[in-house]
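# Fold and geometry: a report
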Protein chains: 2
Amino acid sequence: MSVLIVGSTALDSIKTPKAENPRLLGGSASHAAVAASFFAPVKLVGVVGEDFPKKYVALYKKHGIDLTGLQIQPGKTFHWAGEYELNMNNRRTLTTELGVFEKFTPHLPEKHKKSPFVLLANIAPALQHHVLDQMNKPKFVVADTMDLWLNIALEDLVGLIKRVDGFVLNDSEAHQLTKEDNVFAALKKLHKMGPKYVIIKKGSHGSILSGPDGFFICPAYPLHKVVDPTGAGDSFVGGMMGYLSTAKGDVRKNIRKAMVYGSVTAAFCCEGFGLNQTTKTTRKNIDVRVRELEAITRF
Amino acid sequence: MSVLIVGSTALDSIKTPKAENPRLLGGSASHAAVAASFFAPVKLVGVVGEDFPKKYVALYKKHGIDLTGLQIQPGKTFHWAGEYELNMNNRRTLTTELGVFEKFTPHLPEKHKKSPFVLLANIAPALQHHVLDQMNKPKFVVADTMDLWLNIALEDLVGLIKRVDGFVLNDSEAHQLTKEDNVFAALKKLHKMGPKYVIIKKGSHGSILSGPDGFFICPAYPLHKVVDPTGAGDSFVGGMMGYLSTAKGDVRKNIRKAMVYGSVTAAFCCEGFGLNQTTKTTRKNIDVRVRELEAITRF
């Protein structure tokens, strides 16, 4: 089965102490869609401006991504510029130019409305609601988010969480939303807000699932060097949803393995700027690392 | 086989926003010895003053700990007082009264010198050296440390690391010692400093082993509430060495499981002040949690 991914499509200018990379392909939907494409057919919904480079359209197409839902609007593509510190953990935003993204409304093409697997990648919760309003009984819906929406659209977000099967956020966001420092106490509170599955991302410390079969501690793939972590969280959830949508059996049976596949895909993302390294990998390379993760977590 | 544990024996006064607990049994050797006692016979080497409460001697004895190497010196027992913030991560030292610990020299009773398993729990590296000087061909020696020794006794510590089979430190200490932010890059550098096995502790994120069979990502047991993390690292390494010293087969085969046993023992430590909760647990309770950890890390 295919997976529908709705989110931001952007140009990212990423600066580190060692390099400067202007106008890379970025955005939550781009990272998630490329990650998911290693496992399943992907339908992307997003918006770009008339300045969107043709090479990035070609990149989506190379990954077999269905672009029927990609709107091209008069104006400029959403542009984000950020700078990382040497340790690659702290980053600051230098520029946010919304461009055509400011007035984006995710209209779903008719054929997209019956997609069984839906990933509401990080965008405004109001837009995530709007996507769900158009869907016709999806099988499994997961939403991702970011701290910005906790700050400026909390009510929309809390309403959205009630409507999804799975909710993904990082540890600092979980703390902000639940006022719990302890990640397991936070997971308990997040469950009570609605979703059957809650996943807290902890960067290089991996991620933790809370679901009907209890907790799952998902490892991060050991990387000796992180080149650029931008999009790692989107790659994680994209890879996970891609794997889930084609795995045999139900979500409950497959979600742990799906998270591990997502984790490995996110590791490839971190090894290059933007999508540079993700696009160079193959399903075979991903499988090799999943087997490595199996070996280094067994006891 | 038994395990020899040398380290500090102290009285800890621990303050949190919710409670104040004066003069609890503490110190690296106390925590490590009680943790190890669930798995193996333990010989403790340390020093206390004449004020050391009889109830704590009884507690050691209840755990079957051999106290032949516990010196009782004229003067006061080492006393540490610290205060934790609400999130239980940040702590500050209020008082350090070295007392008899100031002039401590770990003399090993004759029968201790042939101990096959030796844990050099956190004390000054010069004292850890002195213990090794007295040993007669131990089978497996592990050293733990703390940031203080990196700051004031770096040369001693670097010399010590060359002499041990396993070296244990936490992530911030690993960063300080290697100048590597990345934990896997730090592990690589630490190996080059001598030990066959290096373990980096990451608190609630678990720990990572680097050894002859590559990495092992060891999970932390999921706790919904941390009452007092003092001694958790000592409990981890104590539980690990206790398990290792009685497990059939060689260290290489058993070390992963030993870390998991250490991790679970450390979780019990965190659930009460000082050793209050550790002393209440049983090998059976520990086994239950190890099986739980197996279940929540499987994919």
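It should be noted that the structure appears before, not after, this text.
Residues numbered from 1 in each chain as written. Chains lettered and ligands numbered in written order. Predicted model: local features only at pLDDT ≥ 70, side-chain atom pairs only at ≥ 80, totals over all residues. Heavy atoms only, no water.

## Notes on the state of the cysteines
Residues and elements named next belong to chain B.
- Using the criterion set out here, one finds zero disulfides over all chains in the structure.
- Here Cys269 is not cross-linked by a disulfide; its sulfur's nearest cysteine counterpart is in Cys270, at 5.4 Å.
- With relative accessibility at 0%, the residue Cys269 sits in the buried group. (Disulfide = S-S within 2.5 Å. Buried < 20%, exposed > 50% of the residue type's maximum accessible area, 1.4 Å probe, protein only.)

## Here we look at the pattern of salt bridges
- This model, assessed by the stated rule, comprises 22 salt bridges over all chains.
- With its nearest N and O atoms 2.9 Å apart, the salt bridge here joins Asp133(A) to Arg163(A). Of this pair, Asp133(A) sits in helix α3 (residues 125-134) while Arg163(A) is found in helix α5 (residues 154-163), placing the two residues 30 residues apart along the sequence.
- Since its relative accessible area comes to 54%, Asp133(A) is described here as exposed.
- With a closest N to O distance of 3.3 Å, Lys189(B) and Glu180(B) form a salt bridge.
- Looking at Lys189(B), the relative accessible area reads 38%, which means it is partly exposed.
- The class for Glu180(B) is partly exposed, based on a relative accessible area of 24%. (Salt bridge = Lys/Arg side-chain N within 4 Å of Asp/Glu carboxyl O. Helix = DSSP H or I, 4+ residues; strand = E, 2+ residues; numbered from the N terminus.)

## Examining the relation of the copies chain A and chain B
- Of the transformation superimposing chain A on chain B, the axial component is 0.0 Å and the angular component is 180 degrees, with the fit at an RMSD of 0.0 Å. Both chain copies can therefore be described as sitting about a two-fold axis. Closest approach to the rotation axis among the C-alpha atoms of chain A is made by His205(A), whose C-alpha sits 3.1 Å away.
- A shared binding surface is used by both copies, with 100% of the interface residues of chain A retained as interface residues in chain B. (Least-squares fit on C-alpha atoms with pLDDT ≥ 70 in both. Contact = heavy atoms within 4.5 Å.)

## What to know about the interface of chain A and chain B
- Facing 29 residues of chain A, the contacting portion of chain B comprises 29 residues.
- A combined buried area of about 2,600 Å² lies between chain A and chain B, and 64% of that area is made up of carbon and sulfur atoms.
- When the buried surface of chain A facing chain B is broken down by residue, Ile217(A), His224(A) and Phe299(A) rank first, second and third, together holding 30% of it.
- Taken together, the residues that form the side of chain A that touches chain B break down as 15 nonpolar, six polar and eight charged. (Buried area = accessible area lost by both parts, 1.4 Å probe. Nonpolar A, V, L, I, M, F, W, Y, C, P; charged D, E, K, R; others polar.)

These values are about where atoms sit, not about what they do.
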